[in-house]
Amino acid sequence: MLKFIKYLKQFRKEVFIGPVFKLTEAIFELIVPLVMAKIIDIGIANGDKAYVLKMGGVMVLLGLVGLGCALICQYCAAKASQGFGTVVRSEMFRHINSLSHGEIDQIGTPSLITRITNDVNQLQLAVAMLIRLVVRAPFLVIGATVMAVAIDWKLACIFFIASPLVALALYLVMSRSVPFYRIIQRKLDRISLITRENLSGVRVIRAFSRQQQEKERFLEASTDQMEISIAVGKISALLNPLTSTVINLAIVAVVWFGGFRVNVGGMTQGEVIAFVNYLNQILVAMIVVANLVVIFTKAAASASRVNEVLEMEPSIISKTVTPVQEKENAPKLSFDAVDFAYPDAGDYSLTGISFEAAKGQTVGIIGGTGCGKSTLVNLIPRFYEVSNGAVKVDGVDVREYPLSQLRGKIGIVPQKAVLFSGTLRKNMQWHHEDATDEEIWEALEVAQAAEFVRKMPDGLDTMILQGGKNLSGGQKQRLTIARALVGSPEILILDDSASALDFATDAALRQAIARFCSERENGVTVLIISQRANTVRYADKIVVLDDGKTVGIGTHEQLLESCEEYREIYWSQNEMEGARE
Amino acid sequence: MDMEKRSDILKRILSFAKPHLWYLAAALVSALLSVSLTLYAPILIGRGIDEILEPGKVYFDNLKPILIGLIAVAILAALFQWLMTLCTNMVTYKTVRDLRVAVFNKVEEIPLSRIDSRSHGDIISRIINDIDSVSDGLLQGFSQLFTGIITIAITLGYMLSLNFKVGLVVVVLTPLSLFVASFIAKHSFDMFRRQSAVKGQLSGYIEELVGNQKVVKAFGYEERAQGEFDTINHQLYEVGVKAQFYSSLTNPCTRFVNGVVYAAVAIFGALSCIAGGFSVGALSSFLTYANQYTKPFNEISGVVTELQTALASAKRVFAVIDEPAEEPDAADAQYPQNCEGQIEIDHVHFSYDAAKPLIQDFNLKVQPGQRIALVGPTGCGKTTMINLLMRFYDTDSGEIRVDGQPVKQIGRNALRSLYGMVLQDTWMFKGSVRENIAYGKPDATDEEVIAAAKAAYAHSFIMRLPQGYDTILTEDGGNISQGQKQLLCIARAMLTKPSMLILDEATSNIDTRTEIKIQKAFGEMMKGHTSFVVAHRLSTIRESDCILVMKDGQIIEQGTHEQLLKQKGFYHQLYYSQFVQTAS
């Protein structure tokens, strides 16, 4: 947790002032019982009304000043803790942006999201508590004890017995109940798992008439959760009764032994009352400490989860920021004996991949699920680092490029059609912030999306909801294609990106892309990844992958002749035509 | 929410707590006892102090019984406090369990249309979060409210009985606490609402951008994302500081009000002592009360806001419970074990939304053993047919008959078990491979399970899994491939030996070899059984007895392959673009 101190630096002032004022308030609070003792011992004993009024006024004054101090402290706490949270969130977001795919896969996106939201909130709460209470609560305990010692050290011995006993009670109860909260959470997760399964599998469950058994399964899980909650409740319910009993017994002792002290003239009656008040203050402060322990245990867990992200080193970074000079006459893209294994995976996902794509060529990559098609594509924009060999763009190893220059050359249409909330125009300007409406319309035209966008009442200003919920799958897919085309990339990668399109649209799209690419000055190099032979059969070159290896490279006709795997794929998908030919 | 509705919701929650009413009653009695005893202690302490006046004037004989009484009171108060918490826990957790089960059971019974039209996340959140907030706010809150009120009442009672005049001073100051508490509650509530709006915006942004980090990188959007993020993040800071500050005012302000009450009691109490008729010990008890007096006001105002959230949550929970269940099976419903497989679809009309008619006047007669192919572009509504056949949805008008028996005359579960259904959207639950296969027939023997797996060409890959049939599949079956999942679904359907079949052929994401296996398994399953196939493969389509061509949710053509080709309609067009790429 200490590592987070640096994020508090810019709030140094608040972190310092807050506790100081809090302490001042606590001191005033400790003085109040003393003032009261004076009222009793001097005011009442002497029948001095003026003194009583004066001291009463002092009390109100103490309260007012205390209030002022407390407000200053609370404001400091709010400012420092919220500021701290803001800084950490921003830092995390920046760091996540710098991580490479490998690291993101390792933590997983859902977990990253909880860490940047919930975990940072926990830390923020801990900072607020740190400023507000961490100094105050122990100070009140110690202060009350010190005051008691100052009044009468013999009677104060009771404090030295009672305080550890209260602490022990707190420790015993909490150490036995806190670990169970995690178990309760796990049981609750199971309840939500069953619910989720029942919603996503509702058709299967009803098809097999299993509603009754599912109800029983749910009943069992929720009873389980109920029972453990009740069991833990039994332990944690002990906390308040135990501590208050200890304090009440201590009060009994104070009054009894205080009687002896008063009897011999060692103490006054008012001082005994002050003792009782201090004991009550200790009880309240101890319970605050107990809550603090819970908050900080949670915060420590969050801190390590946040730290794990912040300390993760991005494995892929630009070697240089100055743009690299491309080699002329080199192939646009080449794979040179590339091997690749995912981090922490034993086996290579790709082995010995070599092929070239000239400027303006269209290359198809085909193979079954898990053969490494998408993996191969991910190496081009350097999302992952090759294990051996090299991927070159314009004759230069991708590792030599500044990432922005390399990725600026490439337009990718990912498998999953993802759009972001905001206007359609903004989505189209992702690659090139200053793309004009004309460029956007041209890209939409090519992507077969212009027609439906034109029909939208707001055109390019149409708001897209989170996850593109207000669009159909096919519309989303066409828009992601258009997004990649805006700004004319030098290399266009289509990763199985036409699956949601009907066949006529798909065909029109392929023709339009071919036209678009050949019209560009130097031609656009296109990579089409697919499981369907018909999608890639008109490519200039087809690379057939099987289990991470190239098993054939050539044109459709060549491969039908020479490549067993290609034939298998092709015929299984085109039986009918096979019979005709 | 008007008052009447609120009390209705409260009543319904109490009706759920009814079976545990004894615990509730015990909790209330314990609360009353524990609070009274706890508050009685200061009186005893005060009396004790009155026995220790000054040197030589300490009356130990009187002190002893008082202190023994104090010990007894302290222990009893603690005991009842413990009992109160235990009983409250019992009521709370048992009621929560019952509520959860009630909502879940209703989810199992409501028509599919109600599940399809809702976000699953929303239903889950009602079962988990909303019920939790009902438990925190209403049940725990209720006990806090109760103890708070009796604490105030008893404290006031004790104070007034100790010394009426000084007690009156406290009563006069009471509105001050109320005012401060409600003022703060109101302001911080507004701030919190604004804060949670910005918070929601920020998490939405994080979810989108972090969730799609790979796209962000592909387009070099990192810098712009950081800028947008920081803007929202800063807004959150501004509103967060205010929200936190306002809400953290509660403690200092109450402490101040408390201090004022304390000082007032000190002054008036001391003056009364001087005037006589009021002892120092009684003053000490009074001071203890003054210290405790304002705290419950705070708690109560906190509880009131929590109660409001809880009522809103309860409303959302009851909304699910109040959903109408599926129409029960007809009284004279038949429950056939198997059937011939003759299906008549007679003038059926159906739509999900009355404004958008989908299936209109659809007629089809399927003889036992025939194969019907459903063909059309993705998203054309082929699942609608499955919904109607399985009676996941009811027709708007017209009738579907199985072996001449209208489906509405057949028990839903009986009707559904006549079909074996394998969807492309495979569903696995967290459990072993064996349990997943035996889902439709939990009492199946190992031999039966293995036989079904073999018939579905799944046995060999299952044996290669780390624990074979005992391998635990994660939620959504993430540890096996999509194609393997479909093989398991086929085995699951085969095990129940259905009379008719509904199959959904794979389109993509399945490697060629697995696809061939699935195809073979499908082929064997369909032999001699009436089957409906959502078809993508030409061979399946060509061998069908009837093809239904669907587009935009409607059945636009119907006939055999040859007939449809001759029509030169949409099927003709589809056929040539999908299966026969013209070599231009």
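The model shown is predicted, which means the values in this text are computed figures rather than measured ones.

Focus on the overall build of chain B
Piece 1. The helix and strand tally for chain B stands at 21 helices and 12 strands.
Piece 2. The C-alpha atoms of chain B give 36 Å as radius of gyration, which overshoots the globular expectation for 584 residues (25 Å, by more than 25%).
Piece 3. Across its three principal axes, chain B shows a C-alpha extent of roughly 120 × 60 × 50 Å.
Piece 4. Counting over 584 residues, chain B shows a buried share of 46%.
Piece 5. Excluding contacts between residues fewer than 6 apart, the proportion of contacts in chain B whose partners are at least 24 apart in sequence is 80%.

Considering the overall build of chain A
Piece 1. Looking only at helices and strands, chain A features 21 helices and 12 strands.
Piece 2. A compact globule built from 581 residues would reach a C-alpha radius of gyration of about 25 Å, whereas chain A, at 36 Å, exceeds it by more than 25%.
Piece 3. When the backbone C-alpha atoms are referred to their principal axes, chain A occupies close to 120 × 60 × 50 Å.
Piece 4. Per-residue burial over chain A gives 45% buried out of 581 residues.

Quick look at the interface of chain A and chain B
Piece 1. Residue-level contacts link 126 residues of chain A with 123 residues of chain B.
Piece 2. When residues of the side of chain A that touches chain B are assigned to their parent elements, the largest contribution, 26 residues, is made by helix α2 (residues 49–98) of chain A.
Piece 3. Considered class by class, the residues forming the side of chain A that touches chain B number 59 nonpolar, 49 polar and 18 charged.

Some details on the domain arrangement of chain B
In many analyses, interface size is given as the accessible surface area lost on bringing the parts together.
Piece 1. For chain B, the assigned domains read domain 1 (3–321) and domain 2 (334–418 + 543–584).
Piece 2. Summarising the inter-unit geometry, the C-alpha centres of domain 1 of chain B and domain 2 of chain B are found 59 Å apart.

Some thoughts on the sheet that holds strand β5 (residues 405–406) of chain B
Piece 1. Within the open sheet, the 4 strands sit side by side as β2-β1-β4-β5 (chain B). Their pairing is antiparallel. Edge positions in the sheet fall to β2 (359–366) and β5 of chain B, since each has one partner strand and no second.

Brief notes about the environment of Val260(B)
Piece 1. By the element assignment, Val260(B) lies in helix α9 (residues 250–275).
Piece 2. Residues Val260(B) and Ser544(B), spaced 284 residues apart in sequence, show a C-alpha to C-alpha distance of 90 Å.
Piece 3. Apart from the residues lying within four places of it in its own chain, the contact partners of Val260(B) are Val60(A), Gly63(A) and Leu173(B).

Looking at the environment of Pro110(A)
Piece 1. Counting through the fold element by element, Pro110(A) comes out in helix α4 (residues 109–134).
Piece 2. Remark: the alpha-carbon pair of Pro110(A) and Val264(A), spanning 154 residues in sequence, is separated by 71 Å.

Regarding the pairing of strand β4 (residues 388–393) of chain A
All names here are of chain A.
Piece 1. Two strands pair when backbone bridges link them, and strand β1 (residues 333–340) and β4 are joined in this way by 5 bridges, in the antiparallel orientation. Counted as the bridge partner of Asp 336 is Ala 390 from β4.
Piece 2. With 2 bridges joining them, β4 and strand β5 (residues 396–397) adopt antiparallel strand pairing. By the bridge assignment for β5, Val 393 is matched with Val 396.
Piece 3. Taking the residues that link successive antiparallel strands as the turn, the β4-β5 hairpin has 2 residues, and the phi of Asp 394 there is positive, at about 55°.

Some thoughts on the pairing of strand β9 (residues 500–504) of chain B
For a regular strand, side-chain orientation follows a simple rule: the groups alternate between the two sheet faces.
All names here are of chain B.
Piece 1. The buried fraction of β9 amounts to 5 of the 5 residues, a majority that puts the element mostly inside the structure.
Piece 2. Residues Met 500, Ile 502 and Asp 504 line one face of β9 and the alternating positions Leu 501 and Leu 503 line the opposite face, and both faces are buried.
Piece 3. Here strand β6 (residues 419–422) runs beside β9; their pairing, made up of 4 bridges, is parallel. Paired with Tyr 419 across the bridge in β9 is Met 500.
Piece 4. Sheet topology places β9 next to strand β10 (residues 530–534); 5 bridges connect them, and they run parallel. For Leu 501, the partnering residue across the bridge sits in β10 and is Ser 531.

Quick word on the packing of helix α9 (residues 239–263) of chain A against helix α2 (residues 21–50) of chain B
Piece 1. Running from N to C, α9(A) and α2(B) cross one another at 10°; their axes reach a closest spacing of 10 Å. Classed by the angle they form, the pair α9(A) and α2(B) counts as roughly parallel. The chirality of how α9(A) crosses α2(B) is left-handed. Contact with α9(A), carried on its side by Asn248(A), Ile251(A) and Val255(A), involves Ala41(B), Ile45(B), Gly48(B) and Ile49(B) of α2(B) and no other residues of that element.
Piece 2. Considering only residue class, the contact of α9(A) with α2(B) consists of 5 nonpolar, 2 polar and no charged.

Some details on the packing of α9(B) against helix α10 (residues 280–293) of chain B
All names here are of chain B.
Piece 1. At a closest axis distance of 9 Å, the pairing of α9 and α10 adopts a crossing angle of 165°. Relative to α10, the element α9 lies roughly antiparallel. Handedness of the α9/α10 crossing: right-handed. From α9, Asn 258, Val 261, Tyr 262, Val 265, Ala 266, Gly 269, Ala 270 and Cys 273 reach across to α10, where they touch Val 280, Leu 283, Phe 286, Leu 287, Ala 290, Asn 291 and Tyr 293.
Piece 2. Among the residues forming the contact of α9 with α10, the class breakdown is 12 nonpolar, 3 polar and no charged.

Here's the deal with the sheet that holds β4(A)
Piece 1. Strand order across the open sheet formed by 4 strands is β2-β1-β4-β5 (chain A), with antiparallel pairing between neighbours. Two strands bound the open sheet, and with one partner strand each, they are β2 (350–357) and β5 of chain A.

Some points on unusual backbone geometry
Piece 1. Unusually for a residue other than glycine, Asn329(A) sits at a positive phi of about 65°.
Piece 2. On the basis of neighbour counts, which here come to 7 C-beta atoms within 10 Å, the residue Asn329(A) falls in the exposed class.

Describing α9(B)
Piece 1. An ideal rise of 1.5 Å per residue puts 38 Å on 26 residues; α9(B) measures up with 37 Å between its terminal C-alpha atoms.
Piece 2. Looking one or two residues beyond α9(B), the residue adopting positive phi is Gly276(B), at roughly 95°.

Let's talk about the environment of Glu54(B)
Piece 1. Note that Glu54(B) resides in the loop between α2 and α3 (60–109).
Piece 2. Note on Glu54(B): 14 C-beta atoms within 10 Å, which makes it partly exposed.
Piece 3. If sequence neighbours within four positions are ignored, Glu54(B) has contacts with Val262(A) and Gln269(A).

A short note on the confidence of the model for chain A
Interpretation of the predicted coordinates at a detailed level should be avoided for regions scoring low in pLDDT.
Piece 1. On average, residues of chain A score 86 in pLDDT, and 96% of them reach the 70 mark or higher.
Piece 2. In the model of chain A, helix α21 (residues 575–580) of chain A stands out as the element of lowest mean pLDDT, 44, in contrast to β4(A), which has the highest, 93.

Some points on the confidence of the model for chain B
All names here are of chain B.
Piece 1. On average, chain B scores 84 in pLDDT, and the residues at 70 or more come to 95%.
Piece 2. Ranking the elements of chain B by mean pLDDT puts helix α21 (residues 570–578) last, at 74, and α3 first, at 93.
Piece 3. Predicted complex, confidence summary: ipTM 0.81, pTM 0.74.

Rules and cut-offs
Position numbers for residues count from 1 along each chain, tracking the sequence in the order it is written. Each chain is given a letter, starting from A, and each ligand a number, starting from 1, according to the order in which they appear as written. Restriction of local features to residues with pLDDT of at least 70 applies here, the model being predicted, together with a cutoff of 80 or more for giving and counting side-chain atom pairs; totals for whole chains, interfaces and linings are based on all residues. The secondary structure listing takes helices from DSSP runs of H or I that are at least 4 residues long and strands from runs of E that are at least 2 residues long, numbered from the N terminus. What the globule rule says is 2.2 Å times the number of residues to the power 0.38, and the radius of gyration is computed from C-alpha atoms. Three classes are used. A residue is buried when 20 or more other C-beta atoms lie within 10 Å of its own, exposed when 12 or fewer do, and partly exposed in between, with C-beta atoms placed from the backbone. Contact between two residues is assigned when their C-beta atoms, built from the backbone, lie within 7 Å. Residue polarity follows a fixed list, in which Ala, Val, Leu, Ile, Met, Phe, Trp, Tyr, Cys and Pro are nonpolar, Asp, Glu, Lys and Arg are charged, and the others, Gly among them, are polar. A domain assignment, automatic or from a database, supplies the domain bounds used here. Two strands qualify as a pair provided DSSP detects at least 2 bridges between them. In this analysis an axis means a line fitted to C-alpha atoms, helices contributing only their contacting stretch, and an angle means the value between N-to-C directions, from 0 to 180 degrees. By the definition adopted for this analysis, an angle is roughly parallel if under 35 degrees, roughly antiparallel if over 145, roughly perpendicular if from 65 to 115, and oblique otherwise. Handedness of a crossing follows from how the near helix is turned relative to the far one, being left-handed for an anticlockwise turn of less than a right angle and right-handed for a clockwise one. Every helix has an expected span of 1.5 Å times one less than the residues it contains. The score called pLDDT rates the predictor's confidence residue by residue, from a low of 0 to a high of 100.

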